[in-house]
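Descriptive structure summary
Listed here are the chains, written in short residue letters.
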Amino acid sequence: MPIAGKGMLLTSMDINASDEAEFNRWYDREHLEERVAIDGFIEARRYVAEQASPKYLCLYSTETIEVLDSAAYRARLAAPTEWSKATMAQFKNMIRSVARITISKGTGRGAVLGVIRLRPKAGQDEALRRALHVELDPADLDGIISMHLLEGDAALSGPTAELPVTTRGADWFVLIDGTESHAIATLMTTRFAAIDGPLATQISVGIYRLMWDLSRADITQS
């Protein structure tokens, strides 16, 4: 499957323009490497919005979802650096979802990412999953490389000691990896237009561009 691992931490936030340079410096010089160094983390991919809100998005892939409830991860959450505490205090419109990767189809990852946030309707989880298993197929779609489904875990998602959040833990996220923003936008308004219906409520859509990625191998080889 294109996404390595079975677990995913999705975080997204806005930041005031006056704090943005320090925010990006913190991510680039401390935070991503600190997280990817935790046992069970595989990689992190960081994005900035082309047409989306919140402005910034980060995806952390883990070997299993249980990694995101492990002693090593909890210890890191409980002991943030001073730089982390100061930076996280400036986050706005924060989304934090710990999720299972239940569908991942395609042959790689793209530099452009479409994100559809949705909320399954009561009793429709399995029906929605079956429907998306059919639709999340990138075969013969120009500009689309792979597609994925993240299913949020309500017990593991939500706020931490430093982070008030706005997401509901049981929300799901469709990810569309591609090379062209237009191809992703078109797919969202055609194939996935009916996602807001009897099976689910669509919360938001957005398109992001990859800023950089960091794998565990990058750290261990440095």
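Look above for the structure.
Residues numbered from 1 in each chain as written. Predicted model: local features only at pLDDT ≥ 70, side-chain atom pairs only at ≥ 80, totals over all residues. Heavy atoms only, no water.

1. Section: the overall build of the protein chain
For the record, the criterion: Secondary structure elements follow DSSP: runs of H or I of four or more residues count as helices, runs of E of two or more count as strands, with numbering from the N terminus. Restricting the calculation to C-alpha atoms gives the radius of gyration, and the globule rule supplies 2.2 Å times the number of residues raised to the power 0.38. Residues are treated as being in contact if the distance between any of their heavy atoms lies within 4.5 Å.
What the protein chain contains, in helices and strands, is six helices and eight strands. Relative to the globule expectation of 17 Å for 222 residues, the C-alpha radius of gyration of the protein chain, 17 Å, shows essentially globular dimensions. Each of the three principal axes of the protein chain carries a C-alpha extent, and together these read 45 × 35 × 35 Å. Considering only residue pairs separated by 6 or more positions, the protein chain has 82% of its internal contacts joining residues 24 or more positions apart.

2. Observations regarding the sheet that holds strand 5 (residues 112–120)
For clarity, the cut-off: For two strands to count as paired, DSSP must find a minimum of two bridges between them. Every angle, taken between N-to-C directions, lies between 0 and 180 degrees, and every axis is a line fitted to C-alpha atoms, over only the stretch in contact when it is a helix.
Spatial ordering of the closed barrel is given by 1-3-2-8-5-7-6-4, a layout of eight strands whose pairing is antiparallel. Across this sheet, the average inter-strand angle for adjacent strands is 35 degrees, counted without regard to direction. Bridge count between strand 1 (residues 7–14) and strand 4 (residues 92–106): seven bridges; the pairing is antiparallel. Within the sheet, the bridge partner assigned to S12 lies in strand 4 and is I95. Its contacts with the sheet put helix 1 (residues 20–36) on strand 1, strand 2 (41–51), strand 3 (56–62) and strand 8 (200–215), and the angle it makes with strand 2 is roughly 155 degrees.

These figures come from the coordinates and say nothing about function on their own.
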